[in-house]
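Residues per chain are reported as follows:
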Amino acid sequence: MSRTPVYIICSTRPQVGKTLMARLLTEFLKLQRGDVVAFDVSLKEPSLLDFLPRLTETADINDTFGKMALMDRLIVHDETAKVIDLGYHAFDEFFQMTAEIGFAKEAARRGVAPIVLFMGDSDRASLRAYEMLQQQYPQRALYVVDNEQVLRGEVPRALGQGKMLHVAALPPFLKTYIDRLNFSFTGYLRSEHDSSTELHQWIRRNYFAFREIELGLLLM
Amino acid sequence: MAKPAVIVVGADKGGVGKTTVSRTVLDYFSANNVATRAFDTEAPRGTLKRFHPDITEIVDMTTTSDQMKIFDTLNTVAPSVTVIDVRAGLLSPALASLRDIGFLDAAKSGQITFAVFHILGPSIASLDEIAETAGFMDGAKYFLVKNFINNTSFFEWDQATYNSYFHKIKGATEITIPKLNEMAYEQVEVSSVPFLKFVANKGPHDEAANYSFVLRGYVRHWLANVWSEFDRIKLTDIVHDKPSARTPGEQ
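The structure reproduced in this document is the subject of the present report. (Residues numbered from 1 in each chain as written. Chains lettered and ligands numbered in written order. Predicted model: local features only at pLDDT ≥ 70, side-chain atom pairs only at ≥ 80, totals over all residues.)

Scanning chain B from N- to C-terminus turns up 11 helices and seven strands. Summarising the internal contacts of chain B: among those between residues at least 6 apart in sequence, 74% fall at separations of at least 24. (Helix = DSSP H or I, 4+ residues; strand = E, 2+ residues; numbered from the N terminus. Contact = placed C-beta atoms within 7 Å.)

What follows is the structure, given as structure tokens:
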């Protein structure tokens, strides 16, 4: 039986494309599985909740009650994929807590598969954070997102050892287009019949990469 | 029959976590397959009994009949390890009683293994108890338990004060009980189950429970840290009186 995936999209820095990645992934999972729940833990930044209000819930991990409300749902093997858009300000608190409560081990025991999508950057804090994630999660569950918009093709060597997910940069006018609150990636694929457009191909490439990760769940 | 071992957990000050520490000790022995009986001196209600009802008996240590119930049975009952949770204010009187009935002499001569877990609060009054209690510790294994469960400090910021209490008593060993998340602690309280059962998501009668995964995680992590302290002092070796068990404070 397939495991229930919990995608954690995270970074120690703002403005590296977390919410974009969370939007793309949430829409893909909705299309692929028919059901997905996203949690927005980045209320201080541009928010997933603004883009996908019907699929997104807010979560606050500043106190124990908030942590319980979030984590007690993530640990349930209900075959509904979960996506967490983890704001950079909550990074340390979240992973300190998951380490303390033994989230990775308990998840494995219960048929839940946490998959960390770490938005790579070349600063020292990012490299340290990646090292910490490597200690907490197995290599098969940890992806570095090589966002061309951020890394510009120069992935630090320390980040290039494990699994990578490459996200190509979009020209500014398309970036502005997809940043509109009512824009839907799946909606675009459905409505735009010309599959040769740059945006069409960009979305398809990303969806294909997500499908590969989903297929990998069967082997976990 | 194995040599009897008595562990007294107490403090003269109230609210410093005596019963919490007693519960961790009982859980530790349970996990290490050490048969144990416990006495709760908080008569008539008893908090320890609420968490470990099967092995705990409530006694009034100020009465001779209940003292007999504990100490006259040390050599006759099956669990050779006895844990006594002494209620607030009774530690010094209890130790005086033990001296008077010759129990401390028996411990000194090696007939009985005797250990005291002295739970300390973050006050000078609590620390003053150390000198008072230490007078009874000849022949006993004496542990000074710094309980951080209430987010306290023990004058570490004032080394002169700290040393005057913690480094004055020879042969005493310090144990640190780390802080447990408040909500997790309260949830275990409400559930009225041993920490071990809470971690295993079980109710009082071993039925499946539905405790928060997060809170169970916090308790598991905390309990592991507490037990690592018990491992450090070789608590199971002490109660089994193994030669490898060093007297605390021994180099």
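With that settled, consider the interface of chain A and chain B. How big an interface is tends to be stated in terms of the accessible area lost upon association of its parts. Listed per partner, the contact involves 11 residues of chain A and 10 residues of chain B. Among the secondary structure elements, those contributing two or more residues to the side of chain A that touches chain B are α3 (64-74) and α4 (91-101) of chain A. With six residues, the single largest contributor to the side of chain A that touches chain B is α3(A). Among the residues forming the side of chain A that touches chain B, the class breakdown is five nonpolar, two polar and four charged. (Nonpolar A, V, L, I, M, F, W, Y, C, P; charged D, E, K, R; others polar.)

Residue and element names in this part refer to chain A. When the terminal C-alpha atoms of helix α10 (residues 198-217) are compared, their 29 Å separation across 20 residues agrees well with the 28 Å that a helix rising 1.5 Å per residue should span. Among the residues of α10, those classed as buried are Trp-202, Ile-203, Asn-206 and Phe-210. Down the axis of α10, the buried set is contained in an arc of 95 degrees. They therefore lie on one face. Residues Gln-201, Phe-208, Arg-211, Glu-212 and Leu-215 are exposed on α10 and point more than 90 degrees away from its buried face. Looking at the buried side of α10, the elements it contacts are α1 (18-33), β7 (163-167) and α9 (185-191). (Expected span 1.5 Å × (residues − 1). Buried ≥ 20, exposed ≤ 12 C-beta atoms within 10 Å, placed from the backbone. Arc of directions from axis to C-beta.)

This brings us to the packing of α1(A) against α10(A). How two helices sit against one another is set out by the angle between their axes and by the gap between those axes. Residue and element names in this part refer to chain A. Contact pair α1 / α10: the axes reach a minimum separation of 10 Å and the direction vectors enclose 65 degrees. Judged on the interaxial angle alone, α10 and α1 are roughly perpendicular. For α1 against α10, the interelement crossing comes out right-handed. Between α1 and α10, the contacting residues are Leu-24, Leu-25, Phe-28 and Gln-32 on the first element and Asn-206, Tyr-207, Phe-210, Arg-211 and Glu-214 on the second. (Axes fitted to C-alpha atoms, helices over the stretch in contact; angles between N-to-C directions. Parallel < 35°, antiparallel > 145°, perpendicular 65-115°, else oblique. Left-handed = near helix turned anticlockwise from the far one by under 90°.)

Our next topic: α4(A). Residues A:Phe91, A:Phe94, A:Phe95, A:Met97, A:Thr98 and A:Ile101 constitute the buried set of α4(A). Along α4(A), the residues classed as buried sweep out an arc of 155 degrees about the axis, all on the same side. Residues of α4(A) that are buried in the fold lie against β1 (4-10), α3, β4 (81-86), α5 (103-110) and α6 (124-136) of chain A together with α10 (213-232) of chain B.

Moving on: the nonpolar core. Membership of the largest hydrophobic core comes to 127 residues, with the highest contact counts inside it found for A:Ile9, A:Val83, A:Leu117, B:Val9 and B:Val219. Of all the elements, α10(B) adds the most residues to this core, at nine residues. Setting aside chain neighbours within four positions, we find A:Val83 in contact with A:Tyr7, A:Ile9, A:Ala22, A:Leu25, A:Thr26, A:Leu29, A:Val36 and A:Ala38. (Core = buried A, V, L, I, M, F, W, Y, C linked by C-beta atoms within 7 Å.)

Attention now goes to the sheet that holds β7(A). Residues and elements named next belong to chain A. Here seven strands make up an open sheet; going across it, the order is β3-β2-β4-β1-β5-β6-β7 and the pairing parallel. Where the open sheet ends on each side, the last strands, each with one partner, are β3 (56-58) and β7. Within the sheet, the average angular offset between the axes of one strand and its neighbour, ignoring direction, is 25 degrees. Both β1 and strand β5 (residues 112-119) contribute to a ladder of seven bridges, which runs parallel. Its bridge partner lying in β5, Tyr-7 is registered against Ile-115. Of the strands in this sheet, β1, β2 (36-41), β4, β5 and β6 (142-147) touch α1, which is tilted by about 170 degrees from β4. (Pairing = 2+ DSSP bridges.)

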